[in-house]
There are 8 protein chains.
Amino acid sequence: MNEFLDLDEVQLDIGRRDRCGLPEVIYGEGKSKETILKTFEAFAEKNIDAFATRIDAEKGDFLQQHFAAKGLALRYNQIAKTFRLFNTLEAKPVGKIAVLSAGTSDAPVAEEARETALWTGAEVLFIQDVGVAGPQRFQAKLPLVQDSDVVIVVAGMEGALPSVVGGHVACPVIAVPTSVGYGANFGGLSALLCMLNSCASNVLVVNIDAGFKAGYAAGLIVKGKHKNGGG
Amino acid sequence: MNEFLDLDEVQLDIGRRDRCGLPEVIYGEGKSKETILKTFEAFAEKNIDAFATRIDAEKGDFLQQHFAAKGLALRYNQIAKTFRLFNTLEAKPVGKIAVLSAGTSDAPVAEEARETALWTGAEVLFIQDVGVAGPQRFQAKLPLVQDSDVVIVVAGMEGALPSVVGGHVACPVIAVPTSVGYGANFGGLSALLCMLNSCASNVLVVNIDAGFKAGYAAGLIVKGKHKNGGG
Amino acid sequence: MNEFLDLDEVQLDIGRRDRCGLPEVIYGEGKSKETILKTFEAFAEKNIDAFATRIDAEKGDFLQQHFAAKGLALRYNQIAKTFRLFNTLEAKPVGKIAVLSAGTSDAPVAEEARETALWTGAEVLFIQDVGVAGPQRFQAKLPLVQDSDVVIVVAGMEGALPSVVGGHVACPVIAVPTSVGYGANFGGLSALLCMLNSCASNVLVVNIDAGFKAGYAAGLIVKGKHKNGGG
Amino acid sequence: MNEFLDLDEVQLDIGRRDRCGLPEVIYGEGKSKETILKTFEAFAEKNIDAFATRIDAEKGDFLQQHFAAKGLALRYNQIAKTFRLFNTLEAKPVGKIAVLSAGTSDAPVAEEARETALWTGAEVLFIQDVGVAGPQRFQAKLPLVQDSDVVIVVAGMEGALPSVVGGHVACPVIAVPTSVGYGANFGGLSALLCMLNSCASNVLVVNIDAGFKAGYAAGLIVKGKHKNGGG
Amino acid sequence: MNEFLDLDEVQLDIGRRDRCGLPEVIYGEGKSKETILKTFEAFAEKNIDAFATRIDAEKGDFLQQHFAAKGLALRYNQIAKTFRLFNTLEAKPVGKIAVLSAGTSDAPVAEEARETALWTGAEVLFIQDVGVAGPQRFQAKLPLVQDSDVVIVVAGMEGALPSVVGGHVACPVIAVPTSVGYGANFGGLSALLCMLNSCASNVLVVNIDAGFKAGYAAGLIVKGKHKNGGG
Amino acid sequence: MNEFLDLDEVQLDIGRRDRCGLPEVIYGEGKSKETILKTFEAFAEKNIDAFATRIDAEKGDFLQQHFAAKGLALRYNQIAKTFRLFNTLEAKPVGKIAVLSAGTSDAPVAEEARETALWTGAEVLFIQDVGVAGPQRFQAKLPLVQDSDVVIVVAGMEGALPSVVGGHVACPVIAVPTSVGYGANFGGLSALLCMLNSCASNVLVVNIDAGFKAGYAAGLIVKGKHKNGGG
Amino acid sequence: MNEFLDLDEVQLDIGRRDRCGLPEVIYGEGKSKETILKTFEAFAEKNIDAFATRIDAEKGDFLQQHFAAKGLALRYNQIAKTFRLFNTLEAKPVGKIAVLSAGTSDAPVAEEARETALWTGAEVLFIQDVGVAGPQRFQAKLPLVQDSDVVIVVAGMEGALPSVVGGHVACPVIAVPTSVGYGANFGGLSALLCMLNSCASNVLVVNIDAGFKAGYAAGLIVKGKHKNGGG
Amino acid sequence: MNEFLDLDEVQLDIGRRDRCGLPEVIYGEGKSKETILKTFEAFAEKNIDAFATRIDAEKGDFLQQHFAAKGLALRYNQIAKTFRLFNTLEAKPVGKIAVLSAGTSDAPVAEEARETALWTGAEVLFIQDVGVAGPQRFQAKLPLVQDSDVVIVVAGMEGALPSVVGGHVACPVIAVPTSVGYGANFGGLSALLCMLNSCASNVLVVNIDAGFKAGYAAGLIVKGKHKNGGG
């Protein structure tokens, strides 16, 4: 369970799936494509579904060519900048995670959350551009959302959407502030502070632009719920 | 029009009513009660309706006793900490300003906005505790609000209410962040940033806890509108 | 479901239990004891289990005397500053929430989380003072923690404990930064930023000192899980 | 009135003109030119005057070529980065909005305010480079400004001009801080804080570089005023 | 010239008058009254004019009683919180320093600047409450100010007055931000940033509430000027 | 070595002396005097020299009375707010730690560093008030300082002293920023940033006001050095 | 005296030399080269010595070619990014300004201060790389510096040099923080705060990287001094 | 000992080795390659081992070609961006410094620390990617680390590793925050604050990304220890 692979500049946490419920995810920023490749191959050898975030187009092409040549099933989402290698048969999805975004410009973060949630094995409902300035848009979609196990809400600028969503649903809301905006947005600080101070009691927060973490934690909540027999 | 009274530690701007549409308002913080009294008396002599903010209970009692003894009409609001001296006959209110607060704890700031708006000569609709966590509360009040000339929205914590209100009305919204909250609220910074970054285009912002400025500017908008013959 | 009670300065969200899974919780800061009492009575009339946070000793005594005189079951926790009124029979707890604190000085926030989690109907495991400076302390308690449905980790100063816990468990971790510390702690900012930047993927964050929100969201996760038949 | 168009990644708020007095404005940043085009066409189909901000030269050229080819009236302002499509006959402007800038470097923001104000249907008086370091410059222009319905003041660096203007006019002043400056300007924070703390009571503030919001709100104030019969 | 007195917890810089043009000034905050007394006595023995800032009422009374009993000439200004002991004959003042304040609430800082400037041996022109919201007030006083050798401008809130003054005078302006204000004033940060970003090129800045440093540096400028024979 | 005592709200790290070279130190802030007493007694039972910081006068008196009554050797320093219980015979000090302070007002932090360094078993040279404004003061003391094993420099305000000291000595300098100052000192931030950015390469930094940490780490450096046979 | 030239996007302050002692200086950032040229020509026509800062290489070449072709005397300093056009005969310099820099990397700011001071008509002593980490370097240069009328000290990183210089000279010190550094330097904030909190009483501060403002104000001090007959 | 070389834009501190134990290190950022070369040559002439940081690839190539042509021993580390010139025979390393990094992306800073520590003459143990999210990784390496004289811990994101390491070792820990991360990492602020607030008492901190300073100070600690006869 505490097993790890010593690849010199990377200590690969092979035991995390057993210890923490899901395998380690590779954070691609600041790593060379060779290091990332080496890591994916180590996972493949252990038959672990491998998933990486922050994979830019150049790294994505490199990985796609390499693994496609080997005949492996893979999925690269260029907006999300995620890369996924299917080493196990994909199971029927359990649970339902709704991913909502406040604006079109939030797409990269929302897509990252979606891809991650899919990788954890959940079904994902994906709805974009339902921010509070046009309140009728979220109202129209609400019935689709209400039976979700978790709702992920991605929003930049003032970040008010999670508070509004939180007031309408009976499940946890994971709020993802984005750095979308300008001026006194300060790189996402405005949305982050708004979400941390939400008066809706069911709002949990992750780092700015951390679509991945929202998807991961949502997947874990769904897994726990459905392992326990639910439906 | 550029007249002023030299009271040594105070240079009273007697000309402001003519120059700027409304008389100077006295900011009570950090001024002695003697200085405030002197200022009120100078206004009284000029037959100007005098108004002061940040008048704590002790100063309020002092002023009340002094001017009540002189038989002058006055109004001290202990929650708002405002003091008003009626030197002219009160005219029939023109225009309608709605003052909404997100939570009961925002009362001092909301009351300051209300008192100021009343002093400018407007009619005020006052609705408390309609924050976004219980969205049906604002929805229920919306019809009362929609024919306002200006809506003032007072909110602490995440400060999301102005964005929501802004999406439903066709008049300017003046957002007042309050320092109500704790933790990553940072003295009202969270609400302030949220409001500045509002994706509702009709939201204008004033300083944290500046109920007075919202009321004053709202009054000016209403004055301009109705001077032009509206109704 | 969208029902609310108009108590003038309070608009009581009576419909929240149906809409959001748990009733509205009263935030005691900045509200008068009369307002709080009025709110509790309204809940009592509706047979809703009422719960309030930020109830200082003076308000706590006032509420205790009032409701004890009426023969109602209640619970006031002076460290947590929470007040609870039992209007329904307490059900057998479902699910298990672990509440861990890094240091003894974090007790008020940890207790608030515990009380809230209990009020949501979960069983709570409560372990204090297992911060990272003495790592063997958490190691010794780990076996007790690992079968929890959710782990709440309360920590001030550098706020490193959630990252460490996150690396050992397969359920979501809700991290609560506290304002405990001094100097470059900046009122809890150090712990907050640490937790938001956690490299453990299962760490979700709430506001500084927001023990309540952690307990509430944890309760919601547990409720969702066990409603689905688990256990 | 709550109508919207579901364009997948965009939920177009077709009902905003009726609900909020002016149509939705497209924020171009972070949206592809195809998405923006699709949105403009949807507005055109509904005969709504469409307006977009943050349209860089490349997107601007693309839109110009597309709609010019269709024979539609349009206007692209390269400094303001605004694009406007005339779908209705332009009415005679009502009301007067003065747009003042403190320095020549503030031009992009001032131009954005001007274009937006024009789009709302107001007459615009545009005066540049009248900052406080050369006080005689604003003094000379003051007579032109004083009969405005609203004054928009755009300023970077220390952002002192709105306070000075506010002391001379009897209408609301909308202050727009810009990110012009260096060093302890911190991306416009200096001007923003200065404006929020203005001792002139008639100063309302929008986000840093938010020329658009100032123009929009000013237009709304003017619309409200002149709808009521003024002039 | 590098002489100092070792008083254990204080190392008194006896040589500073020769080295730096003016004697060391005692900063009273956080020092016991006994320590301050010991320091004053050491200066007295060396026939140095001693001056202390941040002397609260209790310490002020203690020092006054002690030195008055000894028949020494002294001056305690309770608003400025400065204490001065005359050990040398007061010379005829040379040079002229204008001290302007934006508002009545800035008095403690303005008075500290005045007292310090007087102690350096300059003549002081003291004008209060001429902030930019009532621009005619400063205009009226401008002729009195224009022949000053240095102008000290003390302002809180938005801190715009130094920029305005700087645009009218041909001598250096020393700007002193004060912590007067509320909300997004952040303890004087708004005024500080405004002054640092002043577009008036002749504005130099000192710390928030540092009336002392402004008076000291102004005195030094005047001393240098008049030592050179000026008039 | 990983031993700990479970005192319920405290998990006492009995094994730290073996694991980390020095026993656990008790942080008194936010702990009740009963909890602190219980901890001291547990250490006493194990014959471990116990040391606590942030012990205010009331707690100090309580501990002094309790342990004096038991005939135990103790030391309470009211400026440093440290309490020490001697459970082992004090050994001859090894190594030399210089503690320098920039100003008299830094005394509480400097004293905390001194007491902690003494408790670790080192000899301490203590010099106060040698800040950079009177540079001859530090120059005069330099010969006393140069043969130290570590120099601790305690400074508030601009925090420049460590850089100056660092340029003159051949041993590590531990810089302790203090919250002494006002205005743009922001609770010690100015000194902290100055020290972190020191161009002297031998300057290490601890938290604001963390005299304890400086003393502790200095003691550890000295211990390591002299365990290795030095002298 | 209040004369200005209306060049549409620029309102040129022709009267500043008379009003403020020195002509307006052109801030090149964000202005087109055509606008800058137009301004220089307007000054040339009025026989005013024109000076501009923030002139990058491209603009500098453009201006040089233009004015060299006209046979005008000019000076472009590529490190300082300043451009100067000599329209009047250069007078014999009066007064002495020392410009010191802490490190070689501060050169652009130090050069800007030097060029500006020269333009004001003073003699300049220029010494680089004498920061506090090698304290003997400044000590060696001190005798050259001590008879200056003003000392400008340019420093990045911790910004400690002005405090040290301030402790050795009897004239005003103008401290210029630079953005040189990394990490917790935060774009010059560390040096700025250090300088604002200097315990040397004769230290005045300007904006980060504002070599120009230091040179300008220093020139004004020197002018005032020597106008009065000094030497 | 206070010798320095005046190279005009650089004042080279030749005496630092004698005064401070190690020679001056060249900070390459913002210096031209010619200036850096001139400095290296001056050191070479004095037979001093020269070392530079922040040498990008272009400058590195230039130096390598120059000195390789002269037949000098050198070492350029492209990840660390350090350049070293061996002017003296390399002695047998004394003491042991462990350099740990939390993640692969921290490599540049960790390498800079390693190169600096090697240059000071110590033996270095280098272990990467042992952050707290996979706690078994550090546990596995702990036995290798425990006999170090100093441990340098390099970590970005939440920066929790130094606290964990500090709880397991009996020597000083020097924590180096890195700017690795995103969102609320704010350029390394999260890791910096976490480390400053560490509850492990043996943690000392340097600037963000300051691998150099950690290596330098660690070298100094080791030097002091082993000069004293240790082993």
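Computed from a prediction, not measured in an experiment: that's the story for all the values here. (Residues numbered from 1 in each chain as written. Chains lettered and ligands numbered in written order. Predicted model: local features only at pLDDT ≥ 70, side-chain atom pairs only at ≥ 80, totals over all residues. Heavy atoms only, no water.)

## Here we look at the interface of chain B and chain E
Then, in step 1: Between chain B and chain E, the contact holds 26 residues from the first and 18 residues from the second.
Then, in step 2: Between chain B and chain E lies a buried interface of about 1,600 Å² when both sides are counted; carbon and sulfur atoms form 55% of it.
Then, in step 3: Ranking the residues of chain B by area buried against chain E places Phe4(B), Gln11(B) and Tyr27(B) at the top, with a combined share of 31%.
Then, in step 4: Inspection of the chain B/chain E interface yields one salt bridge.
Then, in step 5: Asp6(B) is the salt-bridge partner of Lys141(E), the closest N and O atoms lying 2.8 Å from each other.
Then, in step 6: Looking at the side of chain B that touches chain E, the elements with two or more residues in it are helix 1 (16-20) and helix 7 (189-196) of chain B. (Contact = heavy atoms within 4.5 Å. Buried area = accessible area lost by both parts, 1.4 Å probe. Salt bridge = Lys/Arg side-chain N within 4 Å of Asp/Glu carboxyl O. Helix = DSSP H or I, 4+ residues; strand = E, 2+ residues; numbered from the N terminus.)

## Remarks on the packing of helix 7 (residues 189-196) of chain D against helix 7 (residues 189-196) of chain E
Then, in step 1: Following both chains from N to C, one finds helix 7 of chain D and helix 7 of chain E inclined at 125 degrees, their axes separated by 8 Å at the closest point. Here helix 7 of chain E runs oblique to helix 7 of chain D, going by the angle between their axes. In the packing of helix 7 of chain D onto helix 7 of chain E, the handedness of the crossing is left-handed. On helix 7 of chain E, the residues touching Leu189(D), Ser190(D), Leu193(D) and Cys194(D) of helix 7 of chain D are Leu189(E), Ser190(E), Leu193(E) and Cys194(E).
Then, in step 2: Among the residues forming the contact of helix 7 of chain D with helix 7 of chain E, the class breakdown is six nonpolar, two polar and no charged. (Axes fitted to C-alpha atoms, helices over the stretch in contact; angles between N-to-C directions. Parallel < 35°, antiparallel > 145°, perpendicular 65-115°, else oblique. Left-handed = near helix turned anticlockwise from the far one by under 90°. Nonpolar A, V, L, I, M, F, W, Y, C, P; charged D, E, K, R; others polar.)

## Let's talk about the relation of the copies chain B and chain D
Then, in step 1: You can overlay chain B on chain D at an RMSD of 0.0 Å; the transform is a turn of 180 degrees with a shift of 0.0 Å along its axis. Accordingly, the operation relating the two chain copies is best matched by a two-fold axis. Identified as the residue of chain B closest to the rotation axis by C-alpha distance is Lys225(B), at 2.0 Å.
Then, in step 2: Of the residues that chain B buries at the interface, 100% are likewise interface residues in chain D, meaning the two copies contact each other through the same surface. (Least-squares fit on C-alpha atoms with pLDDT ≥ 70 in both.)

## Regarding the sheet that holds strand 4 (residues 50-53) of chain H
The strands that make up a sheet are held in pairs by hydrogen bonds between backbone atoms, and each pair lies either parallel or antiparallel.
Residue and element names in this part refer to chain H.
Then, in step 1: Read across the sheet, four strands follow the order 3-4-6-5 without closing on themselves; strand pairing throughout is mixed. Edge strands, defined here as strands with exactly one partner in the open sheet, are strand 3 (26-27) and strand 5 (73-77).
Then, in step 2: Direction of pairing for strand 3 relative to strand 4: parallel, over a ladder of two bridges. From the neighbouring strand, Tyr 27 faces strand 4, where its bridge partner is Thr 53.
Then, in step 3: Along the sheet, helix 2 (residues 33-45) makes contact with strand 3, strand 4 and strand 6 (82-86), crossing strand 4 at roughly 155 degrees. (Pairing = 2+ DSSP bridges.)

## Points about the side chain of Lys141(A)
Then, in step 1: Counting through the fold element by element, Lys141(A) comes out in helix 5 (residues 135-145).
Then, in step 2: The exposure class of Lys141(A) is buried, given its relative accessible area of 14%.
Then, in step 3: For Lys141(A), the side chain forms a polar contact with the side chain of Asp6(D), separated by 2.8 Å. (Buried < 20%, exposed > 50% of the residue type's maximum accessible area, 1.4 Å probe, protein only. Polar contact = N/O pair within 3.5 Å; in protein donor to acceptor, adjacent residues only side chain to side chain.)

## What to know about the arrangement of the chains
Then, in step 1: The two units chain D and chain F never meet; even their closest C-alpha atoms stay 13 Å apart.
Then, in step 2: The two partners chain D and chain H share no contact, and the minimum distance between any of their C-alpha atoms is 14 Å.

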